[in-house]
Amino acid sequence: MKIYFSGSIRGGQQDTDLYAELIQELKQYGTVLTEHIGSKTIDTTMTDQEIHDRDVMWVKESDVVIAEVTVPSLGVGYEIGRAIDMKKPIICLYRTINGKSTSAMIRGCSELQCFEYSNISKAKEILKTQLKTK
Ligand SMILES: O=c1[nH]c(=O)n([C@H]2C[C@H](O)[C@@H](COP(=O)(O)O)O2)cc1CO
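Residues numbered from 1 in each chain as written. Predicted model: local features only at pLDDT ≥ 70, side-chain atom pairs only at ≥ 80, totals over all residues. Heavy atoms only, no water.

1. Digging into the site of the ligand
Part 1 of the argument: Taken together, 16 residues lie near the ligand, and Arg-10, His-36, Asp-55, Ser-73 and Glu-79 sit nearest.
Part 2 of the argument: Taking Ile-9, its main chain carries an N or O atom lying 2.9 Å from an oxygen atom of the ligand.
Part 3 of the argument: With respect to the ligand, the backbone of Gly-75 contributes an N or O atom lying 3.0 Å from an oxygen atom.
Part 4 of the argument: Those elements that place two or more of their residues in the shell around the ligand are strand E1 (2-6), helix H2 (48-61) and helix H3 (74-85).
Part 5 of the argument: Tallied by class, the residues present in the shell around the ligand amount to five nonpolar, seven polar and four charged. (Near = heavy atom within 4 Å. Polar contact = N/O pair within 3.5 Å; in protein donor to acceptor, adjacent residues only side chain to side chain. Helix = DSSP H or I, 4+ residues; strand = E, 2+ residues; numbered from the N terminus. Nonpolar A, V, L, I, M, F, W, Y, C, P; charged D, E, K, R; others polar.)

What follows is the structure, given as structure tokens:
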């Protein structure tokens, strides 16, 4: 199974360590195409167009998209929209921080499976339940 993991980069990298742990967990279910999202080092050798085209190709190739949407990111929202058009199964994970929840455009979308979680163990449980059937 090919997994496209989506998480904020230019939207803010405060959750990068959490993404790295989720990516590590996801590796037991298949190949994670986007391991770089769990690293704070940004590749400066690629142009924006190269990043965009590579990532859209990976979304196309993927069997499932997992998006951590707590940190608002234009790129993550865009990838989710493209993945919906491609009819991919999409799981969105988010935490509520200081009473602030994620966008209604994500939580209110019936084509997404959205799950709120409070800590990494809960996120792993959600992934286990959701991915064992895929
Ligand atoms: O350098 C990058 N590499 C990359 O793969 N992305 C993709 C993957 C992430 O899921 C998403 C993050 O978008 P943003 O940078 O707008 O937060 O976009 C985004 C950037 C920078 O925008």
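2. Notes on the confidence of the model for the chain
Part 1 of the argument: Looking at the chain, the pLDDT average stands at 96 and 99% of residues meet or exceed 70.
Part 2 of the argument: Model confidence for the complex is summarised by a pTM of 0.97, with the ipTM given as 0.99. (pLDDT = per-residue confidence, 0-100.)

3. Concerning the sheet that holds strand E2 (residues 31-32)
Part 1 of the argument: Here we have five strands laid out as an open sheet, ordered E2-E1-E3-E4-E5, and parallel in their pairing. The outermost strands of the open sheet, each flanked by one partner alone, are E2 and strand E5 (113-116).
Part 2 of the argument: Judged from the four bridges that link them, strand E3 (residues 64-68) and strand E4 (residues 90-94) form a sheet pairing that is parallel. From the neighbouring strand, Glu-68 faces E4, where its bridge partner is Leu-93.
Part 3 of the argument: On the sheet, helix H1 (residues 16-26) packs against E1, E2 and E3 and is oriented at approximately 170 degrees with respect to E1. (Pairing = 2+ DSSP bridges. Contact = heavy atoms within 4.5 Å. Axes fitted to C-alpha atoms, helices over the stretch in contact; angles between N-to-C directions.)

4. Section: the nonpolar core
Part 1 of the argument: One finds Phe-5, Leu-26, Ile-66 and Leu-131 to be the most contacted residues of the largest nonpolar core, which totals 20 residues.
Part 2 of the argument: Contributing elements (two or more residues each) for this core: E1, H1, E3, E4 and helix H5 (120-131).
Part 3 of the argument: In terms of residue count, H1 provides more of this core than any other element does, five residues in total.
Part 4 of the argument: Not counting residues up to four positions away in its chain, the partners in contact with Ile-66 are Ile-3, Tyr-4, Phe-5, Ser-6, Leu-26, Ile-91, Leu-93, Leu-127 and Leu-131.
Part 5 of the argument: By size, the runner-up hydrophobic cluster in this structure holds 17 residues, among which are Ile-80, Ala-83, Ile-90 and Cys-109. (Core = buried A, V, L, I, M, F, W, Y, C linked by side-chain atoms within 4.5 Å. Buried < 20%, exposed > 50% of the residue type's maximum accessible area, 1.4 Å probe, protein only.)

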